[in-house]
Amino acid sequence: MTIPVPADVISRLKAVLGEGGWSQDPDRLAPKLVEWRDRWSGTTPLLVLPRSTAEVAAVVGVCAESGTAITPQGGNTGLVGGQIPDGEILLSLEKMRAVRETNVDDDVLIVEAGLTLAEAHEAAAAVGRRFPLSLASEGSCTIGGLVSTNAGGVAVLRYGTMRQLVLGLEAVLPSGEVWDGLKRLRKDNTGYDLKQLLIGAEGTLGVVTAAALKLFPVLPSRAVAIASVESPADAVALLARAKEVSGGAVESFELIGALGMDLAIRHIPGARTPLESRPPWFVLIEIASGEPGAAEAAMERLLEAAMEAGLVTDAAIAQTETQAKAFWALRENQSAAQKSEGAAWKHDIAVPVSRIAQFLETAGAALQARWPGVRIDAFGHVGDGNIHYDVLAAPGGDAPAHNARRDEAARLVHDIVMSLGGSISAEHGLGTMKTAEALSYKSPVEVAAQRAVRAALDPKRIMNPRVLF
Ligand SMILES: Cc1cc2nc3c(=O)[nH]c(=O)nc-3n(C[C@H](O)[C@H](O)[C@H](O)COP(=O)(O)OP(=O)(O)OC[C@H]3O[C@@H](n4cnc5c(N)ncnc54)[C@H](O)[C@@H]3O)c2cc1C
């Protein structure tokens, strides 16, 4: 736990923000102190709710002077515990949700950090453009959180992660100074790229207060299909064909295992099996194009050729928008469906795309050898080599006993990931959950360089002190 915050610092913070700018009401604080899956809960002596960048700067200034630790929080949808305070001041961006500017010539949307992703989508649509980052928590997660975790989602294959989608940032640095880097340039070669340091920093290098986001044209031709494949290797081969056939127009290419599909159908109200067959693996493919009918035609060509080649055994193309949404719901509800099955060891890993099949085979065999009967629920973004590799207890298994083995299982899975040149956190970050573990996999040279950067910007280590190195 972080050292207790002195009473005079609390008084100064309250005075800086005034009425409505802070809270100590337990009911108001409660939802911000628990992670959505109940995996982490925390405490804070004070919730601060700044309404402007100047107010964020004033808060951080008081904390910098007094050496008081801060945990920034956006929508509290993070999956590694980094947004949950343990005695720090909790700084929520919920009152900073303005759309500052949309500019179609620059293809840019400038918004404050507390705006939700769904609201950013609406702001882009209002000027006939699209912000393509898409993930299942979009109604709650915020731009500040997405920037700070370098979020990915289901369209990384075509548009990249937040690192590729942010043109500029405004942030309050750990000194309390405001850095105005809200540029909208596609080219700017003038030294270190500070915004890229803040992206993925998980709140350790400052508070992101606003972002300039890249916009893209709306693509009216869209085709969504679910296909069955016999193996992950066939899924990877199908992805390569999909890229070729569509001329690079694949937006999403998602893998779902048979167990994940069964759980979605069992636990998600209204979910229906998309195919009559029950293959070991499903892929959800979305192709999009600006040319009317082009995506639909490419999808048909792809599936026809793949069936002829024996890569795909069965497939269904969504015929309506409602059906496309129903297909997507099967993928987006994978985590929610799994919740009803009890304890799970969760791993958010990445390996080179060419090694996905090897990873699944090796990790599956190792887990079954060590804990016979565990159920593997693997799903995720094949095009990014990112698999959400979740392991459920054997049917009727004891949840506390399963939970107690979580760290040992993570070591087993992550050792295999690292031996394949992968990453133990593909898109969720390290947070408090994986920081210590990541340290054991990083080289001393990299850890020292990261620590030097952090110490230079935050010598008192006030920003999210329990997160990262
Ligand atoms: C159902 C579900 C599906 C998800 N799917 C995906 C997915 O496909 N891809 C993916 O990448 N993630 C996914 N996530 C994880 C999560 O939504 C993302 O990590 C998201 O970026 C978190 O945003 P948030 O606003 O909720 O941030 P929070 O959870 O509040 O915070 C996350 C981290 O960012 C820091 N932070 C937040 N705001 C700021 C700020 N303004 N300045 C500095 N630091 C800040 C926090 O301190 C914390 O370390 C999913 C989560 C859920 C619940």
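Attention in this report is confined to the structure presented alongside it.

### Considering the overall build of the chain
When its secondary structure is counted, the chain shows 18 helices and 19 strands. In terms of overall dimensions, the chain is globule-like: its C-alpha atoms have a radius of gyration of 23 Å, near the 23 Å expected for 469 residues. Counting only C-alpha atoms and orienting by the principal axes, one finds that the chain spans roughly 70 × 55 × 45 Å. Expressed as a percentage of the 469 residues in the chain, the buried residues total 52%. Long-range pairs, those at least 24 residues apart, make up 73% of the contacts in the chain with a sequence separation of at least 6. Of the roughly 19300 Å² that the chain leaves accessible, carbon and sulfur atoms contribute 54%. Charge-centre separation for the chain: the mean point of 44 positive side chains lies 4 Å from the mean point of 55 negative side chains.

### Quick word on the site of the ligand
Neighbouring the ligand are 34 residues; Pro-72, Thr-77, Gly-78, Ser-137 and Thr-142 lie closest to it. Between the ligand and Gly-75 there is a distance of 2.8 Å, counted from an oxygen atom to a backbone nitrogen or oxygen. Ser-137 is positioned such that a nitrogen or oxygen atom in its side chain is 2.7 Å from an oxygen atom of the ligand. Alone, the ligand offers 980 Å² of accessible surface; in the complex the protein occludes 94% of this. Take the shell around the ligand: its biggest share by element is four residues, from helix H5 (residues 143-148). Considered class by class, the residues forming the shell around the ligand number twelve nonpolar, 20 polar and two charged.

### Side note on the sheet that holds strand E4 (residues 89-92)
Taken in spatial order, the four strands of this open sheet run E1-E2-E4-E3, and their pairing is mixed. Of all strands in the sheet, those bounded by a partner on one side alone are strand E1 (22-23) and strand E3 (70-73). Relative to E4, strand E2 (residues 47-48) runs parallel, the two sharing two bridges. Considered in E4, the bridge of Leu-47 is made with Leu-90. Helix H3 (residues 53-66) contacts E2, E3 and E4 of the sheet and is inclined by roughly 165 degrees relative to E4.

What counts and what doesn't
- Residues numbered from 1 in each chain as written.
- Predicted model: local features only at pLDDT ≥ 70, side-chain atom pairs only at ≥ 80, totals over all residues.
- Heavy atoms only, no water.
- Helix = DSSP H or I, 4+ residues; strand = E, 2+ residues; numbered from the N terminus.
- Rg over C-alpha atoms; globule rule 2.2 N^0.38 Å.
- Buried < 20%, exposed > 50% of the residue type's maximum accessible area, 1.4 Å probe, protein only.
- Contact = heavy atoms within 4.5 Å.
- Areas by Shrake-Rupley, 256 points an atom, 1.4 Å probe, with all protein chains shown as cover.
- Lys, Arg positive; Asp, Glu negative; His and termini not counted.
- Charge placed at Lys NZ, Arg CZ, Asp CG, Glu CD.
- Near = heavy atom within 4 Å.
- Polar contact = N/O pair within 3.5 Å; in protein donor to acceptor, adjacent residues only side chain to side chain.
- Nonpolar A, V, L, I, M, F, W, Y, C, P; charged D, E, K, R; others polar.
- Pairing = 2+ DSSP bridges.
- Axes fitted to C-alpha atoms, helices over the stretch in contact; angles between N-to-C directions.

None of the figures reported here should be taken as evidence of function without further support.
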